[in-house]
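A structural walkthrough
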Amino acid sequence: MARRYDTRTTIFSPEGRLYQVEYAMEAISHAGTSLGILATDGILLAAERRNTNKLLDEVFFSEKIYKLNDDMVCSVAGITSDANVLTNELRLIAQRYLLQYGESIPCEQLVSWLCDVKQAYTQYGGKRPFGVSILYMGWDKHYGYQLYQSDPSGNYGGWKATCIGNNSAAAVSSLKQEYKENETTLAEAQALAIKVLSKTLDMTKLTPEKVEMATLTRKNDKTVIRILTSTEVEKLIANFEKSEAEAEAAKKQAPKS
Amino acid sequence: MKVYEDKLMKISDNLLMGVNGDTGDIAQFSQFISKNLKLYSVRNGYQLDTKAAVHFTRTNMADILRKGNPYVLNLLLAGYDEKEGGQLYTMDFLASCVRLPFAAHGFGGLMSVSILNHYYKPNLTEVEAYEIIKLCVKEIHRRLFMNLPNFGVKTVSKDGVKTLPTISQASFVGK
């Protein structure tokens, strides 16, 4: 019954829904997970790498994490080609602002601008919405470290920790339990990210090829953006597995005493 | 009428712009800048700092210059931020902009620059700065071929934009 109202992207259904937007979000829920966590001394984005085929030539350093300008990085979930168009647009918006005002664009303004673009595709033009959700992490002088999420409808929100893509609901509830506001440091956030990712990934075991992680911090009045090397990721995974094993051992011990 | 014209425009709470040029251009450009800065602050909940506002002004002037119908204006921009303190920028009609400790435009300016250069030192108080400007005006009254009787004076500081007493012929009576 809903079929009659969803072939045109820009019209409402009788129940007041925009089906194309909802279908876009459905597409994203099948895509590789991306999560972001805001820590007291920085922010991180972590993502599941799906293209782990050995034949793939290592052209791009990162599959899902993109630098937008000196102070902002984003991670995407959804249709990769749509994501490329949007990240290109984000970079353009950021540079246009830099040209006009001589300083880096404040985080929320960049997110807001792009979301206005995304919204336009849900209202006019007859084109389908972008099948991408984006997580943004950045720093600006007005509000410090910030984490934002935007989706195909053009809505955005500021978050302390969130997740998009496959199994994101489970990840978000996991983060809700474990994340401690104003108390989680970047190191703790990294460990938490690995823990949450291991639960959401389809595969049984986490390996460095399947995970990419980037951090954003400030040092000497400048933003430092780092994509972790596979050695560092491997170490985080090893630490996680060790703590899991210890927790298992503790559980086995408990009933005896 | 011209002798009472106020050429020092308040662009935002912490930015003052002194403009030299045609009256129409002055009104058009200063309003364009100030309304855009206001829109920015209403949209985002915070203001552009002086450096960014000056950059914005310069970029617009440079773009319009290259579109064939330029504003012929010389500007002095004075701003105050908490972080940087007071700043002065000078901009000419070709959109070249630079930050300076003191600056002047116009025929009177030609005469004033050397006086400012002689008496300027860092960390002047507001009273000392006012006296130096008075010295410039004194010379303008004495030596310049044009009659420029009145000089309006304004300051911008952490308390915002304030108007100081106008310097005119009467300011020098009895000195």
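Residues numbered from 1 in each chain as written. Chains lettered and ligands numbered in written order. Predicted model: local features only at pLDDT ≥ 70, side-chain atom pairs only at ≥ 80, totals over all residues. Heavy atoms only, no water.

In the nomenclature of an unreviewed UniProt entry, chain B is known as Proteasome subunit beta of Leptosia nina. Listed under Subcellular location (unreviewed entry) in UniProt, the entry text for chain B is "Nucleus". (UniProt positions renumbered as here; feature names shortened; annotations may be inferred.)

In the nomenclature of an unreviewed UniProt entry, chain A is known as Proteasome subunit alpha type of Leptosia nina. Listed under Function (unreviewed entry) in UniProt, the entry text for chain A is "The proteasome is a multicatalytic proteinase complex which is characterized by its ability to cleave peptides with Arg, Phe, Tyr, Leu, and Glu adjacent to the leaving group at neutral or slightly basic pH. The proteasome has an ATP-dependent proteolytic activity." As stated in UniProt under Subunit (unreviewed entry), the record for chain A gives "The 20S proteasome core is composed of 28 subunits that are arranged in four stacked rings, resulting in a barrel-shaped structure. The two end rings are each formed by seven alpha subunits, and the two central rings are each formed by seven beta subunits."

Notes on the packing of helix 2 (residues 80-101) of chain A against helix 2 (residues 50-65) of chain B
One can describe the packing of helix 2 of chain A onto helix 2 of chain B by two numbers: an axis separation of 6 Å at closest approach and a directional angle of 90 degrees. Relative to helix 2 of chain B, the element helix 2 of chain A lies roughly perpendicular. Contacts between helix 2 of chain A and helix 2 of chain B involve Leu98, Leu99, Gln100 and Tyr101 of chain A from the former and Ala52, His55, Phe56, Thr59 and Asn60 of chain B from the latter. Residue composition of the contact of helix 2 of chain A with helix 2 of chain B, grouped by class: 5 nonpolar, 4 polar and no charged. (Axes fitted to C-alpha atoms, helices over the stretch in contact; angles between N-to-C directions. Helix = DSSP H or I, 4+ residues; strand = E, 2+ residues; numbered from the N terminus. Parallel < 35°, antiparallel > 145°, perpendicular 65-115°, else oblique. Contact = heavy atoms within 4.5 Å. Nonpolar A, V, L, I, M, F, W, Y, C, P; charged D, E, K, R; others polar.)

Here's the deal with the interface of chain A and chain B
A common way to state how big an interface is: give the accessible area lost once the parts meet. At the junction of the two partners, chain A supplies 12 residues and chain B supplies 11 residues. Sorting the residues of chain A by area buried against chain B places Gln100, Tyr101 and Gln109 of chain A first, and these three jointly supply 49% of that buried surface. For the interface between chain A and chain B, the tally reads 1 salt bridge. One salt bridge connects aspartate 49 of chain B with lysine 141 of chain A, and the closest N-O pair in it is separated by 2.9 Å. In this structure, the connection of chain A to chain B is made through 9 residue pairs in polar contact (both at pLDDT 80 or more). With 5 residues, helix 2 of chain A is the largest single contributor of residues to the side of chain A that touches chain B. When the residues that make up the side of chain A that touches chain B are grouped by side-chain class, the tally is 6 nonpolar, 4 polar and 2 charged. (Buried area = accessible area lost by both parts, 1.4 Å probe. Salt bridge = Lys/Arg side-chain N within 4 Å of Asp/Glu carboxyl O. Polar contact = N/O pair within 3.5 Å; in protein donor to acceptor, adjacent residues only side chain to side chain.)

Section: the pattern of salt bridges
Opposite charge on two side chains permits them to pair, given that their charged atoms come into close proximity. Residues and elements named next belong to chain A. If you walk through the whole model with that rule in mind, you get 20 salt bridges over all chains. Measuring nitrogen to oxygen at the nearest pair gives 2.9 Å for the salt bridge that ties glutamate 48 to arginine 50. The salt bridge partner of lysine 205 is glutamate 241, with a shortest N-O separation of 3.2 Å. One end of the pair, lysine 205, is in the loop between helix 5 (186-200) and strand 9 (211-219); the other, glutamate 241, is in helix 6 (residues 230-253), and 36 residues separate them in sequence. Taking relative accessible area as the criterion, glutamate 241 reaches 32% and is therefore assigned partly exposed. (Buried < 20%, exposed > 50% of the residue type's maximum accessible area, 1.4 Å probe, protein only.)

Topic: the sheet that holds strand 6 (residues 144-150) of chain A
Strand pairing in a sheet relies on backbone hydrogen bonds, with the paired strands running either antiparallel or parallel. Residue and element names in this part refer to chain A. Pairing within the open sheet is antiparallel, and its 5 strands lie in the order 3-4-5-6-7. Two strands bound the open sheet, and with one partner strand each, they are strand 3 (65-69) and strand 7 (156-158). Neighbour to neighbour, the strand axes of the sheet diverge by 25 degrees on average, direction disregarded. Against the sheet, helix 3 (residues 107-123) makes contact with strand 3, strand 4 (72-78), strand 5 (132-140), strand 6 and strand 7, and its axis sits at roughly 160 degrees relative to strand 5, the strand it touches most. (Pairing = 2+ DSSP bridges.)

Remarks on the environment of tyrosine 97 of chain A
Among the structural elements, tyrosine 97 of chain A can be located in helix 2. Separated by 134 residues in sequence, tyrosine 97 of chain A and threonine 231 of chain A place their C-alpha atoms 37 Å apart. Apart from the residues within four sequence positions on either side, tyrosine 97 of chain A is in contact with Gly102, Glu103, Ser104, Ile105, Pro106 and Gln109 of chain A together with Tyr40 and Leu48 of chain B.

Examining helix 5 of chain A
Turn by turn, an α-helix covers 3.6 residues, leaving residues three or four places apart pointing in a common direction. Over its 15 residues, helix 5 of chain A extends 21 Å from the first C-alpha to the last, a length consistent with the 21 Å expected when each residue adds 1.5 Å. Contacts from the buried residues of helix 5 of chain A go to strand 1 (34-39), strand 2 (42-48), helix 4 (168-178), strand 9 and helix 6 of chain A. (Expected span 1.5 Å × (residues − 1).)

Considerations on the packing of aromatic side chains
Counted under the stated rule, the structure contains 12 aromatic pairs over all chains. Considering the side-chain rings of tyrosine 148 of chain A and tyrosine 156 of chain A, the 6.2 Å spacing of their centres and the 70 degrees angle between planes classify their relative orientation as edge-to-face. Judged by centre distance (6.1 Å) and plane angle (65 degrees), the rings of tyrosine 40 of chain B and tyrosine 46 of chain B are edge-to-face. Both residues of the pair, tyrosine 40 of chain B and tyrosine 46 of chain B, belong to the buried class. (Phe/Tyr/Trp six-rings, centres within 6.5 Å; stacked < 30°, edge-to-face > 60°.)

A few points about unusual backbone geometry
Phi at asparagine 220 of chain A is positive, roughly 55 degrees, even though this residue is not glycine. Counting through the fold element by element, asparagine 220 of chain A comes out in the loop between strand 9 and strand 10 (222-227). Its relative accessible area of 71% is what places asparagine 220 of chain A among the exposed residues. With a phi angle near 65 degrees, alanine 95 of chain B is a residue other than glycine that sits in the positive phi range. Among the secondary structure elements, alanine 95 of chain B is positioned in the loop between strand 4 (85-91) and strand 5 (97-99).

A word on the side chain of glutamine 87 of chain B
Residues and elements named next belong to chain B. Along the chain, glutamine 87 turns up in strand 4. With a relative accessible area of 6%, glutamine 87 lands in the buried category. In this structure, glutamine 87 is in contact with Thr50, Lys51, Leu77, Ala78, Gly79, Asp81 and Arg99, ignoring residues within four places of it in sequence.

Section: the confidence of the model for chain B
On average, residues of chain B score 93 in pLDDT, and 98% of them are at 70 or above. As scored by the predictor, the complex reaches a pTM of 0.88 and an ipTM of 0.85. (pLDDT = per-residue confidence, 0-100.)

Remarks on the packing of helix 4 of chain A against helix 5 of chain A
Residues and elements named next belong to chain A. Direction vectors running N to C along helix 4 and helix 5 enclose 150 degrees, while the axes themselves pass 10 Å from each other. Crossing geometry of helix 4 relative to helix 5 is assigned as right-handed. Contact with helix 4, carried on its side by Ala171, Ser174, Leu175 and Glu178, involves Leu192, Lys195, Val196, Lys199 and Thr200 of helix 5 and no other residues of that element. When the residues that make up the contact of helix 4 with helix 5 are grouped by side-chain class, the tally is 4 nonpolar, 2 polar and 3 charged. (Left-handed = near helix turned anticlockwise from the far one by under 90°.)

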